[in-house]
Amino acid sequence: MDLGVRWKLHGDGRVPAPGAVVRPDERLSWPRTAGLGAQHVVAMFGASFVAPVLMGLDPNLAIMMSGVATVVFLLATRGRVPSYLGCSLSFVGVAAVIRAQGGSSATVTGAVLVVGAALFLVGLAVRRFGARIIHAAMPPIVTGAVVMLIGFNLAPVTATTYWPQDQWTALLVMLFTGLAVVCLRGFWSRIAIFLGLVFGYGISWVFDLVFGKIHSADGSGKVTDHWRLDLSGVGQADWIGLPTLHGPSFEWSAILVALPVVIALVAENAGHVKAVGEMTGDSLDDKLGTAIAADGVGSMLSTAVGGPPNTTYSENIGVMAATRVYSTAAYWAAAGFALLFGLCPKFGAVVAAIPGGVLGGITVILYGMIGLLGAQIWINAEVDLRNPLNLVPAAAGIIIGVGNVSLEFTDTFSLSGIALGTVVVITGYHALRAFAPAHLKTQTPLLDEGTSSYDDAKS
């Protein structure tokens, strides 16, 4: 059985020829491949640092399980889809809602494990029936609206939790990160979040030296005098050790909050497979279902031991575009580095010490970017918001999701925010479509050209 773990040496193994690319089944020399793997790890560090911290989960375990999930993905796709699976930011809002309802870390990981199982089933369905079923159930207007409300639902987290801890540090980090994203080029722009974290650490350290302790809310929300950057935990942490593990706990209220994220993950995977296919020149549409299912399995493995869910990372697409090296051998190297980082508690302590003000500045940009990805989906699909069939369900669902509107069914069961907004968008769109006049229906295609070749090939 070909597992995609055999690579041909590209040229002399040193530098690709002008205009040439290193294909997924090729590699450079092993030292260069290891270097590329390390570069992929650095590219995903920013988001993979921030996401588990924002979700209240162990960053060491997150990094380690991202390596495991990447290995699962590479084996499942037989080495045809070069990709790194890092901690998904799409679940940050879900985790915040679940914790606000009194849920623990086990409740969060239990809910997300169910989402991983649902994603796995979606992947199997796509393998069996083709990508048409995704676009029939979740056309671009629906997918874009759900991604948008998931991102914008996070705004109160920044405004009430992180920004007030140190508003001036947050402002400076926001400005620096924004400049890094816009002004830097190539690889450096892809690690702008990571650079923002480093800048925030430095600014917090300088402010502590110059101004002393700050009087503000700390991480627990208690207003007190405290240091902006507290590295006491780093000195106490061991260099080598296993991360903290815990089992999942399943509660229906938490699961219903988390399930809508399946839509965002399907969109992320579809976009990633399409982008990689265009860069490598190979049609990977036949691997879409496998990629989605593998992502689901990786997330299930991670959450089963207390880690966060994983998804394909666009940051690593940028690294491939800059280097023109699409070798899956580099991703195996990246997975190995991630496993080593996960076994270093001191590394996790450094991540856990990220000052609240730093997170405030980064999440202002990060959460907004997540939400605006929904708008990007609409633009790419040329969704016509003048069509009331598109406008009405999206408008209603987004306001419900962003405003955290609640609908109580019983004393113990209610839907609110992300969950209710998603239900409104999906059911509202299809219900309105059933009664809408014909001229409104023809303006919204149910299948975009990005997946048509796969279905045509099967027919």
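Check the entry above for the structure.
Throughout what follows, the structure given in this document is the object of discussion.

What counts as what
Residues numbered from 1 in each chain as written. Predicted model: local features only at pLDDT ≥ 70, side-chain atom pairs only at ≥ 80, totals over all residues. Heavy atoms only, no water. Helix = DSSP H or I, 4+ residues; strand = E, 2+ residues; numbered from the N terminus. Contact = heavy atoms within 4.5 Å. Areas by Shrake-Rupley, 256 points an atom, 1.4 Å probe, with all protein chains shown as cover. Axes fitted to C-alpha atoms, helices over the stretch in contact; angles between N-to-C directions. Parallel < 35°, antiparallel > 145°, perpendicular 65-115°, else oblique. Left-handed = near helix turned anticlockwise from the far one by under 90°. Nonpolar A, V, L, I, M, F, W, Y, C, P; charged D, E, K, R; others polar. Core = buried A, V, L, I, M, F, W, Y, C linked by side-chain atoms within 4.5 Å. Buried < 20%, exposed > 50% of the residue type's maximum accessible area, 1.4 Å probe, protein only. Expected span 1.5 Å × (residues − 1). Arc of directions from axis to C-beta. Phe/Tyr/Trp six-rings, centres within 6.5 Å; stacked < 30°, edge-to-face > 60°. Salt bridge = Lys/Arg side-chain N within 4 Å of Asp/Glu carboxyl O. Polar contact = N/O pair within 3.5 Å; in protein donor to acceptor, adjacent residues only side chain to side chain.

Some details on the overall build of the protein chain
Of the regular secondary structure elements, the protein chain holds 22 helices and eight strands. In the protein chain, the share of contacts with a sequence separation of at least 24, taken over all contacts with a separation of at least 6, comes to 79%. Only carbon and sulfur atoms are counted for the fraction: they give 65% of the accessible area of the protein chain, which is about 19,500 Å².

Considerations on the packing of helix H6 (residues 140-152) against helix H20 (residues 417-435)
The angle between the axes and the distance between the axes are what describe a pair of packed helices. Interaxial distance between H6 and H20 falls to 10 Å at its minimum, and their mutual angle equals 165 degrees. Between H6 and H20, the angle falls in the class roughly antiparallel. For the pair H6 and H20, the crossing hand works out as right-handed. Contact residues: H6 offers Ile141, Val142, Ala145, Val146, Leu149 and Ile150, while H20 offers Ile418, Gly421, Thr422, Val425, Ile426 and Tyr429. Looking at side-chain class alone, the contact of H6 with H20 contains ten nonpolar, two polar and no charged residues.

Overview of the nonpolar core
Membership of the largest hydrophobic core comes to 95 residues, with the highest contact counts inside it found for Met55, Tyr367 and Trp378. When near neighbours in sequence (up to four residues on either side) are disregarded, Met55 contacts Cys87, Ser88, Phe91, Val92, Ala95, Arg99, Val108, Pro308 and Pro309. With five residues, the next largest nonpolar core counts Val22, Leu28, Leu36 and Val325 among its residues.

Section: the packing of helix H8 (residues 167-183) against helix H10 (residues 192-211)
Taken N-terminus to C-terminus, the directions of H8 and H10 make an angle of 150 degrees; their axes are 9 Å apart at the nearest point. In terms of axis orientation, H8 runs roughly antiparallel to H10. H8 and H10 meet at a crossing whose hand is right-handed. The segment H8 lies against H10, with Thr169, Leu172, Val173, Phe176, Thr177, Ala180 and Val181 engaging Ala192, Ile193, Leu195, Gly196, Phe199, Gly200, Ile203, Ser204 and Phe207. When its residues are assigned to classes, the contact of H8 with H10 shows eleven nonpolar, five polar and no charged.

Considerations on H8
The terminal C-alpha atoms of H8 lie 24 Å apart, and with 17 residues this matches the ideal 24 Å at 1.5 Å per residue to within 8%. Among all positions in H8, only Thr169, Ala170, Val173, Thr177 and Ala180 are buried. For H8, the arc enclosing every buried residue in end-on projection is 95 degrees, short of the 170-degree limit, so these residues lie on one face. Pointing more than 90 degrees away from the buried face of H8 are the exposed residues Trp168, Leu179 and Val182.

Focus: the packing of aromatic side chains
Enumeration according to the criterion identifies three aromatic pairs in this entry. Consider the rings of Trp7 and Trp30, whose centres lie 5.9 Å apart with planes at 85 degrees: the pair is edge-to-face. One end of the pair, Trp7, is in the segment before strand S1 (8-9); the other, Trp30, is in helix H1 (residues 30-55), with 23 residues separating them in the sequence. The exposure class assigned to Trp7 is buried, which follows from its relative accessible area of 18%. We classify Trp30 as partly exposed; its relative accessible area is 46%. Between Phe207 and Phe211, the aromatic rings sit 5.5 Å apart at their centres with planes inclined by 75 degrees, giving edge-to-face as the arrangement. Of the two residues, Phe207 and Phe211 both sit in helix H10, four residues apart, roughly one turn of that helix. The exposure class of Phe211 is exposed, given its relative accessible area of 57%.

Overview of the environment of Val72
Take Val72: it is sitting in helix H2 (residues 59-76). Separated by 225 residues in the primary sequence, Val72 and Val297 place their C-alpha atoms 7.7 Å from one another. Not counting residues up to four positions away in its chain, the partners in contact with Val72 are Ala294, Val297 and Leu301.

Re the pattern of salt bridges
Under the criterion given, the structure shown has five salt bridges. The salt bridge involving Asp25 is made with Lys8; its shortest N-O contact spans 3.8 Å. Taken together, the positions of Asp25 in the loop between S1 and strand S2 (26-27) and Lys8 in strand S1 put the pair 17 residues apart, joining distant regions of the chain. Judged by relative accessible area, Asp25 falls into the partly exposed class, the value being 35%. Where Asp166 meets Arg228, a salt bridge forms, and the shortest distance between an N and an O atom there is 3.1 Å. A residue pair is termed long-range when its members are at least 10 positions apart, and Asp166 in the loop between helix H7 (155-162) and H8 and Arg228 in the loop between strand S5 (223-226) and helix H11 (232-236) qualify at 62 residues.

What to know about unusual backbone geometry
At Arg78, a residue that is not glycine, the phi angle is positive and equals roughly 55 degrees. Since its relative accessible area comes to 32%, Arg78 is described here as partly exposed. A positive phi angle is found at Glu382, which is not glycine, with a value near 55 degrees. As for its placement among the helices and strands, Glu382 is situated in the loop between helix H18 (356-380) and helix H19 (388-403).

Re H2
For H2, spanning 18 residues, the distance from its first C-alpha to its last is 25 Å, which sits close to the expected 26 Å at 1.5 Å a residue. Counting buried positions along H2 gives 14 out of 18 residues, so the element sits mostly inside the fold. Between the side-chain oxygen at the start of H2 and the backbone nitrogen of Asn60 there is a gap of 2.9 Å, and the oxygen is on Asp58. Once H2 finishes, Arg78 follows within two positions and takes phi at roughly 55 degrees, a positive value.

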